[in-house]
Amino acid sequence: MFSRAKTWQINIAVFFIISNGVLLGLSFGQVNSAAIFFPAAGMSAALYYIFRKRIAVGLFSGIFLTNLVYRIAVADESLFQSTTLSLLFLLSNIIGVIVFCRVLRVLKYKVETAFSAMHSAKFMLTVLASSAASALIGFLALWIHFNDIDIVSTYFYWMIGDATGIIVFAGLIIYHNYHDEAIFSKRKTAINGVIYTIIYTLFILFLFGDFGNNFLTFGSFQVFIVLMYIIAAFIFSFRMIAVNNVIFLIGINFLHFPSYEGDNLFFEAIFLSLFLIIISSTTSVIRMVILDRQNNYNQIRIAKESLEKIIISTNNFVNVEDRIPQDEQKFDKSYLQNMFEIACEIYPEFDRASCNLINENSVEFVAAVGYNVQELNDMNLPIADFLWDSTS
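So, how was this worked out
Residues numbered from 1 in each chain as written. Predicted model: local features only at pLDDT ≥ 70, side-chain atom pairs only at ≥ 80, totals over all residues. Heavy atoms only, no water. Helix = DSSP H or I, 4+ residues; strand = E, 2+ residues; numbered from the N terminus. Buried < 20%, exposed > 50% of the residue type's maximum accessible area, 1.4 Å probe, protein only. Contact = heavy atoms within 4.5 Å. Areas by Shrake-Rupley, 256 points an atom, 1.4 Å probe, with all protein chains shown as cover. Patch = residues over 30% accessible without salt bridge, like charges linked within 9 Å, V, L, I, M, F, W, Y side chains within 5 Å. Salt bridge = Lys/Arg side-chain N within 4 Å of Asp/Glu carboxyl O. pLDDT = per-residue confidence, 0-100. Expected span 1.5 Å × (residues − 1). Pairing = 2+ DSSP bridges. Core = buried A, V, L, I, M, F, W, Y, C linked by side-chain atoms within 4.5 Å. Phe/Tyr/Trp six-rings, centres within 6.5 Å; stacked < 30°, edge-to-face > 60°.

This part takes up the overall build of the chain. Secondary structure assignment for the chain yields 13 helices and 4 strands. In the chain, which comprises 392 residues, the share counted as buried stands at 42%. Summarising the internal contacts of the chain: among those between residues at least 6 apart in sequence, 66% fall at separations of at least 24. As presented, the chain carries roughly 21,900 Å² of accessible surface, and 63% of it is formed by carbon and sulfur atoms.

Side chains of L136, L140, W143, I144, I151 and V152 sit close together on the surface and give an oily, nonpolar patch of about 560 Å² of accessible area. Element by element, the count of residues in the nonpolar patch is highest for helix 5 (residues 117-145), at 4 residues. Mapped onto the fold, I151 is located in helix 6 (residues 151-179). On the basis of relative accessibility, which here comes to 43%, the residue I151 falls in the partly exposed class.

Here the focus is the side chain of R71. Among the structural elements, R71 can be located in helix 3 (residues 56-74). When near neighbours in sequence (up to four residues on either side) are disregarded, R71 contacts E77, S82, L85, S86, F89 and F146.

Another point: unusual backbone geometry. Of note in this structure, R52 is not a glycine but carries a positive phi near 60°. Position of R52 among the secondary structure elements: in the loop between helix 2 (39-51) and helix 3.

This part covers the side chain of S82. Structurally, the position occupied by S82 is in helix 4 (residues 79-106). Its relative accessible area of 0% is what places S82 among the buried residues. If near-sequence neighbours (up to four positions away) are discounted, S82 is found in contact with L68, R71, I72 and E77.

Checked against the element boundaries, R102 lands in helix 4. Between the C-alpha atoms of R102 and Y49, which are 53 residues apart in sequence, the distance is 9.4 Å.

This part takes up the confidence of the model for the chain. With 83% of its residues at a pLDDT of at least 70, the chain reaches an overall mean of 80. The low-confidence segment residues 326-330 (pLDDT under 50) makes 1 contact with residues lying over four places distant or belonging to another chain.

This paragraph deals with helix 3. Here helix 3 spans 27 Å end to end across 19 residues, near enough to the 27 Å set by a 1.5 Å rise per residue. All of the buried residues in helix 3 are G58, L59, F60, G62, I63, F64, T66, N67, L68 and R71. Check the buried side of helix 3 and you find it contacts helix 1 (7-27), helix 2 and helix 4.

Our focus in this paragraph is the pairing of strand 3 (residues 353-358). Where burial is concerned, most of strand 3 is hidden: 5 out of the 6 residues are buried. As paired strands, strand 3 and strand 4 (residues 363-369) are joined by 6 bridges and run antiparallel to one another. Across the sheet, A353 pairs through a bridge with V369, a residue of strand 4. The hairpin formed by strand 3 and strand 4 contains 4 residues between the paired strands.

The subject of this paragraph is the nonpolar core. F100, I225 and F248 are the most contacted members of the largest nonpolar core, which totals 74 residues. Leave out the neighbours within four places in its chain, and F100 touches A45, Y49, F123, T126, S130, I166, A170 and I174. Among the nonpolar cores identified, the runner-up in size contains 9 residues, and A135, A141, L142 and W158 belong to it.

It is worth spelling out the packing of aromatic side chains at this point. In this structure the tally under the stated criterion is 15 aromatic pairs. Note on F156 and Y157: the rings are 5.3 Å apart at their centroids and 70° apart in plane angle, and the pair reads as edge-to-face. For F156, a relative accessible area of 44% corresponds to the partly exposed category. Between Y196 and F236, the aromatic rings sit 5.1 Å apart at their centres with planes inclined by 50°, giving tilted as the arrangement.

Here it is in structure tokens:
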């Protein structure tokens, strides 16, 4: 992720990513001003876990400014109250991010492709610790400004909102950074990804858009969403699963909820949040299993190639075995070169290596990798000054 970008470019990208995450959360169903699904919690935790302090400016300014602009535009508050709340919400997010990173480090969480119940338990424990700490600051901010709020439900829903955001987005972003290929590394895959995204977006548009009550219903066509997520896991990447999540959230926030005619909008939001958590988590695990099998296959292939090299090297050794000199004083340079080449075939993981003979007053190089043999010999290194560990 952003492997070739400069720090200021990464900060700009993070600013826009986290701003959209905050807006998605603020526009989602809320209880006592606490969003019951807050994507920015997961996005900020994952991005800070990956980039650390490099993105602090873009990350935290995006959270603060988006909250501030939203509250000034939507909430009936004074500028001072909006600014104070936005600063406290920023502090809440900072606490959540720090706890997330620290707990993962303490638990020695490893970003591995193999699915492990132990690592899943560590991640869920981190989610609970981070969301609980963040919700405490957020709840106190609301309690200071609005004394009539329900203390228990506000804290609970704030914690739920942060936890769902972390579960859905944090793991996907972290695994995308460590295990996904670059977006345009394969042209065919990139084109297929664009086509897939267009199809999925159009389906979400028709599913949640106001095209008539019986045009498409979620209950009848949710299997198609499941199918699209499974395709993303098998054919594409963690990145595509995260894109699906964002499109799904945009669809229910800006298409479904405004046109919802039922009496239980809150329970509708809870149901869709649980659906997204389950499908996103399940397909993430599927993607892990697929990558783990691919890694095992690659390791078997590498081991097979290494074994073939060893067999070839052994045959080469047998072919030159009859040339081994009986007298150590008549040790043949060409034989030593052959042995060096065989060793290089068996153990290819190095940048530089050399093979040398000890003469009466100097060292003579007979073969090398990463060095020019003639230049080495032109130095006429005396035995007394020859550093064996740095050149052998």
